[in-house]
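Structural overview for review
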Amino acid sequence: QITTVSGNEFLLQSDIDFLILDWFHAIKNAIDRLPKEQRITSRNVEFKIRRSSSIELLHNLDTESKEPKPEHRKSLIFRLNYSASDTNDRNRVKSRLKKFISRRPSLKTLQEKGLIKDQIFGSHLHMVCEHEKSTVPHFVRLCIKAVEKRGLDVDGIYRVSGNLATIQKLRFVVNQEEKLNLDDSQWEDIHVVTGALKMFFRELPEPLFPYCFFEQFVEAIKIQDNATRIKSIRSLVKKLPRPNYDTMKLLFEHLQKIAAKESVNLMSTQSLGIVFGPTLLRPEKETGNMAVHMLYQNQIVELMLSEYSKIFGSEED
């Protein structure tokens, strides 16, 4: 922090040690070059290291003599700016920054060393599964288990929203920690668990129904003959990548159990279609047909729940 004789205050701050030192020397050299009657001396020079490892230069300037004339002040400011932006200084800083950046370890190296943990939310489904060496994300299994344990009879399950702050807290825990206990009292509200599960699917960079399949599923749901429509959707489902197919099968099996308790939880296959349609499948680029697409999205999920055994069952079924 620099305070001039005119009362102006400037704060220079950086995370880079050598850059701060360059600033300090540039300012000090400019002061030393001034005529004695204009010279401003430095008192209380201090380097302060904060918890974030950033170094802040606190440099308090005061005067030995009376306040200089206005033209002297302008000259002082000009000289300080000129010295700090000297071409040689800039080149030296650029050179050191390039060396610093070139020595930085890659993201893959940091992940291998465990310094950066792979994210669960916001990562591609196949990457999460590869990391966990499974075909269904562990977090999805945990949520389904928790809901089936204490949420099947809850009114409006998956439709009622949980506390967003608590859902975001759960999201943070999942991304940062290895172990998750959904029986912990802080996750007591089952709507927080269902909210987090829906958020996981919404934040997939590519939805559970891959983009390249969207139009094909829409064309299939438009088929008038019910048997042909089911056969067409079954054929598309079988073509899905393994993580998508296995995760989808587990999720729809779970949602079928929710629908079976409709008389208690008031969640029919139609209601679940409305909730999960836009969450599980969407076009890569939104067009003017959003309302029409939403209708088809809901119908696809509803049909797959109603005809679960025919779509996900074996050929003999």
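Scroll up a little and you will see the structure.
Report on the accompanying structure. Please read all numbers here as calculations on a predicted model, not as lab measurements. (Residues numbered from 1 in each chain as written. Predicted model: local features only at pLDDT ≥ 70, side-chain atom pairs only at ≥ 80, totals over all residues. Heavy atoms only, no water.)

**Overview of the overall build of the chain**
Our working rule: Secondary structure elements are taken from DSSP: a helix is a run of H or I of four residues or more, a strand is a run of E of two residues or more, and numbering for both begins at the N terminus. Throughout this description, buried means an accessible area under 20% of the type-specific maximum (1.4 Å probe, protein chains only), exposed means over 50%, and partly exposed covers the range between. Method for areas: the Shrake-Rupley scheme with a 1.4 Å probe, in which residue coverage is limited to the protein chains shown.
Scanning the chain from terminus to terminus reveals 15 helices and five strands. Counting across all 317 residues of the chain, residues that qualify as buried make up 40%. Of the roughly 18800 Å² that the chain leaves accessible, carbon and sulfur atoms contribute 51%.

**Brief notes about the side chain of Thr247**
Rules: Side-chain atoms alone can form a polar contact between residues adjacent in sequence; in general such a contact is a pair of N or O atoms within 3.5 Å, and within protein one must be able to donate a hydrogen while the other accepts it. It only takes one pair of heavy atoms within 4.5 Å for two residues to be counted as in contact.
With respect to the helices and strands, Thr247 occurs in helix α11 (residues 242-260). When its relative accessible area of 0% is taken as the criterion, Thr247 is described as buried. Of the polar contacts made by the side chain of Thr247, one reaches the backbone oxygen of Pro243; its length is 2.7 Å. For Thr247, the contacting residues outside a window of four places in its chain are Leu125, Thr135, Val136, Pro137, Phe201 and Leu208.

**So, the pattern of salt bridges**
Which entries qualify depends on this criterion: Here, a salt bridge means any Lys or Arg side-chain nitrogen found within 4 Å of an Asp or Glu carboxyl oxygen.
Enumeration according to the criterion identifies eight salt bridges in this entry. We note a salt bridge from Glu219 to Lys222, for which the minimum N-O separation is 3.4 Å. Looking at Glu219, the relative accessible area reads 45%, which means it is partly exposed. Looking at Lys222, the relative accessible area reads 36%, which means it is partly exposed. Where Lys310 meets Glu307, a salt bridge forms, and the shortest distance between an N and an O atom there is 3.7 Å. Overall, Glu307 belongs to the buried group, its relative accessible area being 17%.

**A word on the packing of aromatic side chains**
Filter applied, for reference: In summary, the pairing rule links any two rings of Phe, Tyr or Trp, Trp by its six-membered ring, whose centres are within 6.5 Å, and it sorts them by plane angle into stacked for under 30 degrees, edge-to-face for over 60 and tilted for everything else.
Taken as a whole, this structure holds 10 aromatic pairs when the rule is applied. For the ring pair Tyr158 and Phe276, a centre distance of 5.2 Å and an interplane angle of 65° mean the geometry is edge-to-face. Taken together, the residues Tyr158 in the loop between α6 (138-150) and α7 (164-176) and Phe276 in helix α13 (residues 269-280) connect sequence positions 118 residues apart. On the basis of relative accessibility, which here comes to 0%, the residue Tyr158 falls in the buried class. What links up through ring pairs into an aromatic cluster is the set Phe121, Phe139, Phe200 and Phe201.

**So, helix α5 (residues 125-132)**
Rules: In this description, the arc belongs to the directions extending from the helix axis to the C-beta atoms.
Taken together, the buried positions of α5 are Leu125, Val128 and Cys129. Buried residues along α5 cover an arc of 95° about the axis, so they all sit on one side. Against the buried residues of α5 lie α8 (190-202) and α11. Among the residues trailing α5, Lys133 stands out with phi positive, at a value near 55°.

**Some words on the nonpolar core**
Here is the rule: To form a nonpolar core, buried Ala, Val, Leu, Ile, Met, Phe, Trp, Tyr and Cys residues must be joined to one another through side-chain atoms within 4.5 Å.
Among the nonpolar cores identified, the biggest contains 66 residues, and Tyr158, Phe209, Phe252 and Met304 are the most heavily contacted of them. Once residues within four sequence positions are removed from consideration, Phe209 is found in contact with Phe217, Met248, Phe252, Leu280, Leu281, Ile300 and Met304.

**Points about the packing of α11 against α13**
Quick note on the threshold: Axis definition: a line fitted to C-alpha atoms, limited for helices to the stretch in contact. Angles are taken between N-to-C directions and run from 0 to 180 degrees. Here the word oblique covers every angle except those under 35 degrees (roughly parallel), over 145 (roughly antiparallel) and from 65 to 115 (roughly perpendicular). In a left-handed crossing the near helix is turned counterclockwise from the far helix by less than a right angle, and in a right-handed crossing that turn is clockwise. In this classification, Asp, Glu, Lys and Arg are treated as charged, Ala, Val, Leu, Ile, Met, Phe, Trp, Tyr, Cys and Pro as nonpolar, and every other residue, Gly included, as polar.
Running from amino to carboxyl end, α11 crosses α13 at an angle of 150°, the nearest separation of the two axes being 10 Å. Relative to α13, α11 is oriented roughly antiparallel. Regarding α11 and α13, the two cross each other, and that crossing is right-handed. Note on element contacts: α13 touches α11 through Thr269, Leu272, Phe276 and Leu280, opposite Leu251, Phe252, Leu255, Ile258 and Ala259. Within the contact of α11 with α13, the residues separate by chemical class into eight nonpolar, one polar and no charged.

**Examining unusual backbone geometry**
The backbone of Tyr158 shows a phi angle near 75°, a positive value even though the residue is not glycine. Notably, Leu266 is not glycine yet its phi reads approximately 60°, a positive angle. With respect to the helices and strands, Leu266 occurs in the loop between α12 (262-265) and α13. Note on Leu266: relative accessible area 52%, which makes it exposed.

**Focus: α6**
Selection criterion: By this rule the span expected of a helix is its residue count minus one, scaled by 1.5 Å.
In a regular helix each residue adds 1.5 Å, so 13 residues correspond to 18 Å; α6 covers 19 Å between its end C-alpha atoms and thus fits that length. Of the positions making up α6, those classed as buried are Phe139, Val140, Cys143, Ile144, Ala146 and Val147. Down the axis of α6, the buried side of the element spans an arc of 165°, and every buried residue falls inside it. Exposed and oriented more than 90 degrees from the buried face of α6 are Lys145 and Lys149. Elements in contact with the buried residues of α6: α7, α8 and α11.

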